[in-house]
Amino acid sequence: MLNANELYHVFLDIYCKPRWWSDDPFTVMFQAVLVQNTSWNSVEKTCSAIQNKLTPEYISNLSVEELEILIRPCGFYKAKARTIQTLVTWFGQYDFNSEIVQKTLMPKLRKELLSIRGIGAETADVILVYAFYKPSFIIDSYTRRLLLRLGYNFYNDAAIRQFFETDLPRDAQLYGWYHWLILEHCISFCRKSPKCDICPFREKCKQLL
Ligand code: SF4
(Lines give C-alpha, C1' and ligand atoms only; values in the text may rest on other atoms or scores of the structure.)
Protein backbone atom coordinates (compact mmCIF):
# COMPACT_ATOMS: atom_id res chain seq x y z
CA MET A 1 0.00 0.00 0.00
CA LEU A 2 1.15 3.54 -0.66
CA ASN A 3 1.87 5.70 2.34
CA ALA A 4 0.31 9.17 2.65
CA ASN A 5 3.31 10.89 1.14
CA GLU A 6 3.43 8.57 -1.89
CA LEU A 7 -0.30 8.97 -2.39
CA TYR A 8 0.09 12.75 -2.33
CA HIS A 9 2.68 12.65 -5.08
CA VAL A 10 0.50 10.42 -7.23
CA PHE A 11 -2.30 13.00 -7.02
CA LEU A 12 0.11 15.87 -7.52
CA ASP A 13 1.36 14.29 -10.75
CA ILE A 14 -2.20 14.03 -12.01
CA TYR A 15 -3.60 17.40 -10.98
CA CYS A 16 -0.45 19.56 -10.87
CA LYS A 17 -0.40 22.55 -8.58
CA PRO A 18 -3.26 22.54 -6.11
CA ARG A 19 -5.29 25.63 -5.27
CA TRP A 20 -5.67 27.41 -1.94
CA TRP A 21 -9.10 28.19 -0.49
CA SER A 22 -8.72 31.97 -0.04
CA ASP A 23 -5.98 34.31 1.14
CA ASP A 24 -8.45 36.10 3.38
CA PRO A 25 -8.87 34.31 6.74
CA PHE A 26 -12.34 35.70 7.39
CA THR A 27 -13.58 34.61 3.96
CA VAL A 28 -12.40 31.08 4.77
CA MET A 29 -14.19 31.10 8.13
CA PHE A 30 -17.42 32.46 6.66
CA GLN A 31 -17.42 30.08 3.70
CA ALA A 32 -16.44 27.07 5.82
CA VAL A 33 -19.73 27.42 7.69
CA LEU A 34 -21.82 28.30 4.63
CA VAL A 35 -20.63 25.30 2.61
CA GLN A 36 -21.96 22.78 5.13
CA ASN A 37 -24.63 20.65 3.42
CA THR A 38 -24.81 22.83 0.34
CA SER A 39 -23.11 23.29 -3.02
CA TRP A 40 -20.07 25.45 -3.57
CA ASN A 41 -22.04 27.35 -6.22
CA SER A 42 -24.51 28.62 -3.60
CA VAL A 43 -21.63 29.75 -1.42
CA GLU A 44 -19.94 31.59 -4.28
CA LYS A 45 -23.19 33.32 -5.30
CA THR A 46 -23.87 34.44 -1.74
CA CYS A 47 -20.34 35.71 -1.24
CA SER A 48 -20.14 37.51 -4.56
CA ALA A 49 -23.34 39.40 -3.65
CA ILE A 50 -21.60 40.81 -0.56
CA GLN A 51 -18.08 40.82 -1.90
CA ASN A 52 -16.95 44.18 -0.51
CA LYS A 53 -18.71 43.71 2.79
CA LEU A 54 -17.29 40.36 3.76
CA THR A 55 -15.44 41.56 6.82
CA PRO A 56 -15.83 40.55 10.47
CA GLU A 57 -16.67 44.16 11.34
CA TYR A 58 -19.54 44.29 8.85
CA ILE A 59 -20.92 40.86 9.71
CA SER A 60 -20.71 41.50 13.46
CA ASN A 61 -22.86 44.60 13.06
CA LEU A 62 -25.69 42.72 11.37
CA SER A 63 -28.66 41.50 13.34
CA VAL A 64 -29.25 37.76 13.20
CA GLU A 65 -32.28 38.40 10.95
CA GLU A 66 -30.19 40.44 8.50
CA LEU A 67 -27.55 37.75 8.42
CA GLU A 68 -30.18 35.08 7.83
CA ILE A 69 -31.48 36.97 4.78
CA LEU A 70 -27.95 37.36 3.45
CA ILE A 71 -27.09 33.67 3.64
CA ARG A 72 -30.53 32.21 2.94
CA PRO A 73 -29.54 30.73 -0.49
CA CYS A 74 -27.07 28.42 1.29
CA GLY A 75 -29.75 26.57 3.25
CA PHE A 76 -29.98 25.90 7.00
CA TYR A 77 -29.65 29.66 7.23
CA LYS A 78 -30.97 30.03 10.77
CA ALA A 79 -28.49 27.57 12.25
CA LYS A 80 -25.65 28.86 10.06
CA ALA A 81 -26.38 32.49 11.02
CA ARG A 82 -26.10 31.58 14.70
CA THR A 83 -22.85 29.71 14.08
CA ILE A 84 -21.37 32.58 12.09
CA GLN A 85 -22.31 35.10 14.76
CA THR A 86 -20.64 32.99 17.45
CA LEU A 87 -17.61 32.47 15.23
CA VAL A 88 -17.31 36.22 14.66
CA THR A 89 -17.57 36.82 18.41
CA TRP A 90 -14.79 34.27 18.90
CA PHE A 91 -12.64 36.01 16.26
CA GLY A 92 -13.36 39.31 18.05
CA GLN A 93 -11.62 37.93 21.13
CA TYR A 94 -8.49 38.05 18.97
CA ASP A 95 -9.28 41.60 17.78
CA PHE A 96 -10.21 40.21 14.35
CA ASN A 97 -6.49 39.84 13.87
CA SER A 98 -5.40 36.61 12.20
CA GLU A 99 -1.77 37.15 13.19
CA ILE A 100 -2.74 37.01 16.86
CA VAL A 101 -4.73 33.82 16.20
CA GLN A 102 -1.73 32.29 14.43
CA LYS A 103 0.43 32.88 17.47
CA THR A 104 -1.94 30.79 19.60
CA LEU A 105 -1.28 27.08 20.05
CA MET A 106 -3.31 24.82 17.76
CA PRO A 107 -4.87 22.56 20.46
CA LYS A 108 -6.31 25.63 22.19
CA LEU A 109 -7.69 27.03 18.93
CA ARG A 110 -9.17 23.68 17.91
CA LYS A 111 -10.85 23.27 21.27
CA GLU A 112 -12.30 26.78 21.07
CA LEU A 113 -13.61 26.23 17.54
CA LEU A 114 -15.13 22.87 18.44
CA SER A 115 -16.97 24.47 21.33
CA ILE A 116 -18.96 26.60 18.87
CA ARG A 117 -22.32 25.06 18.05
CA GLY A 118 -22.38 24.14 14.36
CA ILE A 119 -18.63 23.67 14.04
CA GLY A 120 -17.52 20.05 13.88
CA ALA A 121 -14.09 18.56 13.33
CA GLU A 122 -14.11 19.04 9.56
CA THR A 123 -15.06 22.73 9.68
CA ALA A 124 -12.66 23.40 12.54
CA ASP A 125 -9.79 21.83 10.61
CA VAL A 126 -10.68 23.72 7.42
CA ILE A 127 -10.50 26.96 9.40
CA LEU A 128 -7.27 25.97 11.13
CA VAL A 129 -5.52 24.99 7.91
CA TYR A 130 -6.79 27.51 5.37
CA ALA A 131 -7.38 30.56 7.58
CA PHE A 132 -4.66 30.25 10.18
CA TYR A 133 -2.06 27.90 8.66
CA LYS A 134 -2.25 25.36 11.48
CA PRO A 135 -1.48 21.74 10.48
CA SER A 136 -4.56 19.72 11.40
CA PHE A 137 -5.40 17.29 8.60
CA ILE A 138 -8.93 17.74 7.20
CA ILE A 139 -10.94 14.53 7.13
CA ASP A 140 -14.24 14.67 5.28
CA SER A 141 -16.60 12.23 3.58
CA TYR A 142 -14.57 12.42 0.33
CA THR A 143 -11.39 11.42 2.15
CA ARG A 144 -13.09 8.52 3.92
CA ARG A 145 -14.71 7.25 0.72
CA LEU A 146 -11.53 7.50 -1.34
CA LEU A 147 -9.40 5.68 1.21
CA LEU A 148 -11.97 2.94 1.56
CA ARG A 149 -12.11 2.44 -2.21
CA LEU A 150 -8.33 2.34 -2.38
CA GLY A 151 -8.39 -0.52 0.08
CA TYR A 152 -7.30 1.21 3.27
CA ASN A 153 -9.25 -0.11 6.18
CA PHE A 154 -9.22 2.52 8.85
CA TYR A 155 -11.21 1.95 11.97
CA ASN A 156 -12.10 5.60 12.56
CA ASP A 157 -11.10 9.20 11.83
CA ALA A 158 -8.34 9.08 14.42
CA ALA A 159 -6.68 6.26 12.44
CA ILE A 160 -7.07 8.25 9.21
CA ARG A 161 -5.50 11.28 10.89
CA GLN A 162 -2.62 9.13 12.07
CA PHE A 163 -2.11 7.78 8.54
CA PHE A 164 -1.68 11.30 7.14
CA GLU A 165 0.01 13.06 10.02
CA THR A 166 2.58 10.31 10.68
CA ASP A 167 3.98 10.25 7.16
CA LEU A 168 3.70 13.91 6.27
CA PRO A 169 5.59 16.84 7.73
CA ARG A 170 3.46 19.05 9.98
CA ASP A 171 2.89 21.60 7.26
CA ALA A 172 -0.42 23.44 6.94
CA GLN A 173 0.18 24.37 3.32
CA LEU A 174 0.82 20.75 2.41
CA TYR A 175 -2.33 19.67 4.27
CA GLY A 176 -4.37 22.33 2.48
CA TRP A 177 -3.07 21.28 -0.91
CA TYR A 178 -3.62 17.59 -0.14
CA HIS A 179 -7.22 18.25 0.86
CA TRP A 180 -7.78 20.18 -2.35
CA LEU A 181 -6.31 17.30 -4.43
CA ILE A 182 -8.62 14.79 -2.75
CA LEU A 183 -11.62 17.07 -3.37
CA GLU A 184 -10.66 17.56 -6.98
CA HIS A 185 -10.26 13.84 -7.54
CA CYS A 186 -13.49 12.89 -5.78
CA ILE A 187 -15.55 15.55 -7.55
CA SER A 188 -14.09 14.71 -10.95
CA PHE A 189 -13.83 10.91 -10.82
CA CYS A 190 -14.23 9.13 -7.51
CA ARG A 191 -17.85 10.21 -7.10
CA LYS A 192 -20.60 8.32 -5.35
CA SER A 193 -20.90 6.47 -8.64
CA PRO A 194 -17.21 6.33 -9.55
CA LYS A 195 -16.05 6.95 -13.10
CA CYS A 196 -13.36 4.26 -12.93
CA ASP A 197 -13.24 3.73 -16.70
CA ILE A 198 -11.87 7.24 -17.29
CA CYS A 199 -10.13 7.81 -13.95
CA PRO A 200 -6.46 8.82 -14.33
CA PHE A 201 -5.72 6.94 -11.11
CA ARG A 202 -7.18 3.72 -12.47
CA GLU A 203 -3.92 1.79 -12.94
CA LYS A 204 -2.62 2.63 -9.49
CA CYS A 205 -6.03 2.05 -7.95
CA LYS A 206 -6.32 -1.40 -9.45
CA GLN A 207 -2.88 -2.29 -8.15
CA LEU A 208 -3.99 -1.31 -4.71
CA LEU A 209 -7.30 -3.12 -4.76
S1 SF4 B 1 -10.36 3.94 -10.28
FE2 SF4 B 1 -10.54 6.10 -9.69
S3 SF4 B 1 -12.75 6.48 -9.56
FE4 SF4 B 1 -12.45 4.26 -9.49
S5 SF4 B 1 -12.37 3.72 -7.29
FE6 SF4 B 1 -10.25 4.04 -8.02
S7 SF4 B 1 -9.82 6.18 -7.55
FE8 SF4 B 1 -12.03 5.95 -7.49
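Residues numbered from 1 in each chain as written. Predicted model: local features only at pLDDT ≥ 70, side-chain atom pairs only at ≥ 80, totals over all residues. Heavy atoms only, no water.

**A closer look at the overall build of the protein**
- From N to C terminus, the protein includes 13 helices and 0 strands.
- Beginning at the N terminus, the succession of helices and strands in the protein can be written as α-α-α-α-α-α-α-α-α-α-α-α-α.
- The C-alpha radius of gyration of the protein comes to 18 Å, within 12% of the 17 Å expected for a compact globule of 209 residues.
- Counting over 209 residues, the protein shows a buried share of 45%.
- For the protein, the share of sequence-separated contacts (at least 6 apart) that also reach a separation of at least 24 residues comes to 64%.
- When the accessible surface of the protein is summed, it comes to about 11100 Å², and 52% of that surface belongs to carbon and sulfur atoms.
- Here the protein contributes 25 positive and 22 negative side-chain charges, whose respective centroids are spaced 6 Å apart. (Helix = DSSP H or I, 4+ residues; strand = E, 2+ residues; numbered from the N terminus. Rg over C-alpha atoms; globule rule 2.2 N^0.38 Å. Buried < 20%, exposed > 50% of the residue type's maximum accessible area, 1.4 Å probe, protein only. Contact = heavy atoms within 4.5 Å. Areas by Shrake-Rupley, 256 points an atom, 1.4 Å probe, with all protein chains shown as cover. Lys, Arg positive; Asp, Glu negative; His and termini not counted. Charge placed at Lys NZ, Arg CZ, Asp CG, Glu CD.)

**Considering the side chain of Ser22**
- Position of Ser22 among the secondary structure elements: in the loop between helix 1 (4–15) and helix 2 (25–34).
- Given a relative accessible area of 16%, Ser22 falls into the buried group.
- Within the local environment of Ser22, its side chain forms a polar contact with the backbone nitrogen of Asp24, the two atoms lying 3.0 Å apart.
- Those residues within four positions of Ser22 in sequence are excluded, and the remaining contacts are Thr27, Val28 and Tyr130. (Polar contact = N/O pair within 3.5 Å; in protein donor to acceptor, adjacent residues only side chain to side chain.)

**Re the domain arrangement of the protein**
- Domains assigned within the protein are domain 1 (4–19 + 137–208) and domain 2 (25–131).
- Between the C-alpha centres of domain 1 and domain 2 the distance comes to 26 Å.
- Taken residue by residue, the interface counts 10 residues in domain 1 and 6 residues in domain 2.
- Approximately 630 Å² of surface area, both sides summed, lies buried where domain 1 meets domain 2, with 61% of it carried by carbon and sulfur atoms.
- Joining domain 1 to domain 2, the criterion identifies 1 salt bridge.
- Of the charged contacts, one joins Asp125 and Arg161 as a salt bridge, the two residues approaching to 2.9 Å between their closest N and O atoms.
- At the surface where domain 1 touches domain 2, the tally comes to 2 residue pairs in polar contact (both at pLDDT 80 or more).
- With 5 residues, the top contributor of residues to the side of domain 1 that touches domain 2 is helix 12 (residues 172–188).
- Along the lines of polarity and charge, the residues of the side of domain 1 that touches domain 2 split into 6 nonpolar, 2 polar and 2 charged. (Domains from an automatic or database assignment. Buried area = accessible area lost by both parts, 1.4 Å probe. Salt bridge = Lys/Arg side-chain N within 4 Å of Asp/Glu carboxyl O. Nonpolar A, V, L, I, M, F, W, Y, C, P; charged D, E, K, R; others polar.)

**Some words on the packing of aromatic side chains**
- Enumeration according to the criterion identifies 21 aromatic pairs in this entry.
- Their ring planes at 20° and their centres at 6.4 Å tell us that Trp90 and Phe91 sit as a pair that is stacked.
- Take Phe91: its relative accessible area is 2%, and that puts it in the buried class.
- Through pairs of rings, three or more aromatic residues link up here, namely Tyr8, Phe137, Tyr152, Phe154, Phe163, Phe164, Tyr175 and Tyr178. (Phe/Tyr/Trp six-rings, centres within 6.5 Å; stacked < 30°, edge-to-face > 60°.)

**Points about the nonpolar core**
- Core analysis: the largest hydrophobic core is formed by 67 residues, its most contacted members being Phe30, Trp90 and Phe164.
- Built from parts of two domains, this core gets at least three residues from each of domain 1 (4–19 + 137–208) and domain 2 (25–131).
- Those residues in contact with Trp90 that sit more than four places away from it in its chain are Met29, Val101, Leu109, Glu112, Leu113, Ile116 and Phe132. (Core = buried A, V, L, I, M, F, W, Y, C linked by side-chain atoms within 4.5 Å.)

**Re the pattern of salt bridges**
- On inspection of all chains with the given rule, the structure shows 7 salt bridges.
- Among the salt bridges present, the one from Glu112 reaches Lys108, with a minimum N-O distance of 2.5 Å. Highlighted residues: Glu112 and Lys108, both in helix 8 (residues 106–114), separated by 4 residues, approximately one helical turn.
- Judged by its relative accessible area of 19%, Glu112 is buried.
- For Lys108, a relative accessible area of 45% corresponds to the partly exposed category.
- For Arg161, the salt bridge is made with Glu165, and the minimal N-O distance between the two is 3.0 Å. Taken together, the residues Arg161 and Glu165, both in helix 11 (residues 157–167) and 4 residues apart, mark about one turn of the helix.

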